[in-house]
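A structural walkthrough
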Amino acid sequence: MVAINDLIMNALPIPVLTVGPEHRIVHANAAAESFFEMSLRMMLRQKLSDFLPFGSPVLALVEDVRQRGSSVSEHRVDIGSPRLGAERIVDVSASLLGDDSDSVIVMLQERTIADKMNRQLTHRGAARSITALGALLAHEIKNPLSGIRGAAQLLEQSASEDDRLLTRLICDETDRIVKLVERMELFGEERPVERGAVNIHGVLDHVKRLAQSGFARHIRFVENYDPSLPPVLGNRDQLIQVTLNLVKNAAEAVGIDAPDGEIILSTAFRTGVRLQVPGSQERVSLPIELSVIDNGPGIPPELMSDLFDPFVTTKVQGSGLGLALVAKIVGDHGGIVECEPAPRRTTFRILLPMHRADDGRGADL
């Protein structure tokens, strides 16, 4: 049985450590040996603190698991050190080995999609020049487009029926470009957003009604909600936009001809998920989970690493801005968005902070 467990552990592609009392390493899989560049025999002589920078939150996380007796996760933890390198950003998950055990299983996952998205969106210094350029281009492009559209409308008044088709095409195309430019302008928006307590189920119900009356009328919706969920700290209009983009993508992935098309809207309360605030040592809890799951064909593996980047899309007529905008808005809310691709079950998951009352307590619904 032990040999089978070792085979399973060594087959896992992510580093997994078993940490005993006093943070001593009890076991490690092959991926952990590779990650820390040390053999298992040498690792068994070490403590977890020997591998991590002084005061690393991973050590506190292990003790938190022991005290609470439940799993805990932290996103974007920097465990960089002279041994590991200047910067090593990982997601950490930890749980007890057993109910009666003092040993803790620690799993490290380096540079997830959510981490990449957050790093791109929070390093604003390098991005400001790009967003400023985008805003300038948007302004300069929209001005001549309005002139082109006006000229086409004037020509349409005296044109033949065949020529009217061409002038209408000009107007339609200029409108399409204006919409694209306006969406690009959103990426340069740096003003703080007004946020408050938002009932995420109200957001989902609103989006569901919009979808069922239009682009997703042919798809069956399944609701899997946690009715006790507290409010999210967010902006209702922006959260509607985020959810609508995800549901629209899900509907398009399922396809109009799918006889069993289904979209699952799910919410849950997840304890122990935390994210470091960029530029500070503060760590914010992200307990509110919102998921949009579809039974479409899935996402090509080659697109996964760049899925939330602008102009990356699987659609022939797509602009590739929908998921990029989702990532920006979720990042502005202090949350993370992740994708778990799978044929017939693609999941987009958003984790958001909970709204708290003025006295620091979670607000009631």
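Our structure's up above, just so we're on the same page.
Here we summarise the structure given alongside this text. All of these numbers come straight from a predicted model, not from anything done at the bench. (Residues numbered from 1 in each chain as written. Predicted model: local features only at pLDDT ≥ 70, side-chain atom pairs only at ≥ 80, totals over all residues. Heavy atoms only, no water.)

Quick look at the pairing of strand β3 (residues 72-78)
Which entries qualify depends on this criterion: Exposure is judged per residue with a 1.4 Å probe applied to protein chains only, and the accessible area is read against the type maximum: over 50% gives exposed, under 20% gives buried, and values in between give partly exposed. Put simply, DSSP marks the helices as runs of H or I at least four residues long and the strands as runs of E at least two long, and each gets a number from the N terminus on. Pairing between two strands is assigned when DSSP locates at least 2 bridges connecting them.
Counting buried positions over the seven residues of β3 gives six, a clear majority of the element. One ladder, built from five bridges, connects β3 with strand β4 (residues 89-96); its direction is antiparallel. Note on β4: the bridge partner recorded for valine 72 is alanine 94.

Some points on the pairing of strand β5 (residues 104-110)
Pairing of strand β1 (residues 16-19) with β5, which is carried by four bridges, proceeds in the antiparallel orientation. The partner of valine 16 across the bridge, within β5, is methionine 107. Where β4 meets β5, seven bridges bridge the pair, whose relative direction is antiparallel. Counted as the bridge partner of valine 92 is leucine 108 from β5.

Here we look at the sheet that holds strand β7 (residues 220-224)
Threshold: Inter-axis angles, ranging from 0 to 180 degrees, are taken between N-to-C directions of lines fitted to C-alpha atoms, where helices are fitted over the stretch in contact. Note on contacts: a residue pair qualifies if any of its non-hydrogen atoms lie within 4.5 Å across the two residues.
Pairing within the open sheet is mixed, and its five strands lie in the order β7-β9-β12-β14-β13. In this open sheet, the two edge strands, each paired with only one partner strand, are β7 and β13 (336-340). Averaged over neighbouring strand pairs, the angle between their axes works out to 15° when direction is ignored. Packing against the sheet, helix α10 (residues 322-332) makes contact with β13 and β14 (346-352), and its axis sits at approximately 140° to β13.

Here's the deal with the packing of helix α8 (residues 200-212) against helix α9 (residues 236-254)
To keep things clear, this is the line we draw: Orientation is classified from the angle alone, with under 35 degrees giving roughly parallel, over 145 giving roughly antiparallel, 65 to 115 giving roughly perpendicular, and any other angle giving oblique. Each helix crossing is assigned a hand: it is left-handed if the near helix lies turned anticlockwise from the far helix by less than a right angle, otherwise right-handed if that turn is clockwise.
Orientation of α8 relative to α9, taken along the N-to-C sense of each, is 50°, at an axis distance of 9 Å. Here α8 is positioned oblique relative to α9, judged by the angle of their axes. As for how α8 packs across α9, the hand of that crossing is right-handed. Residues Ile200, Gly202, Val203, Leu204, His206, Val207, Leu210 and Ala211 of α8 touch α9, and the partners they reach there are Arg236, Leu239, Ile240, Thr243, Leu244 and Val247.

Some remarks on the environment of phenylalanine 221
Within the secondary structure, phenylalanine 221 sits in strand β7. With a relative accessible area of 11%, phenylalanine 221 lands in the buried category. On a C-alpha basis, the gap between phenylalanine 221 and alanine 211 in space is 9.8 Å, while along the polypeptide they are ten residues apart. Not counting chain neighbours up to four residues away, the residues in contact with phenylalanine 221 comprise Lys208, Ala211, Gln212, Ala216, Val247, Ile263 and Leu265.

A few points about the packing of aromatic side chains
Selection criterion: Two rings from Phe, Tyr or Trp (for Trp, the six-membered ring) form a pair when their centres sit within 6.5 Å of each other. Planes less than 30 degrees apart are called stacked, planes more than 60 degrees apart edge-to-face, and all others tilted.
Applying the stated criterion across every chain yields a total of two aromatic pairs. Taken together, a centroid distance of 5.0 Å and an interplanar angle of 80° make the contact between phenylalanine 35 and phenylalanine 36 edge-to-face. Note on phenylalanine 35: relative accessible area 10%, which makes it buried. Here the aromatic rings of phenylalanine 36 and phenylalanine 51 are separated by 4.8 Å at their centres, their planes lie at 50°, and the arrangement is tilted. In this pair, phenylalanine 36 sits in helix α2 (residues 30-36) while phenylalanine 51 sits in the loop between α3 (40-43) and α4 (57-68), placing the two residues 15 residues apart along the sequence. Among the aromatic residues, those joined into a ring-pair cluster are Phe35, Phe36 and Phe51.

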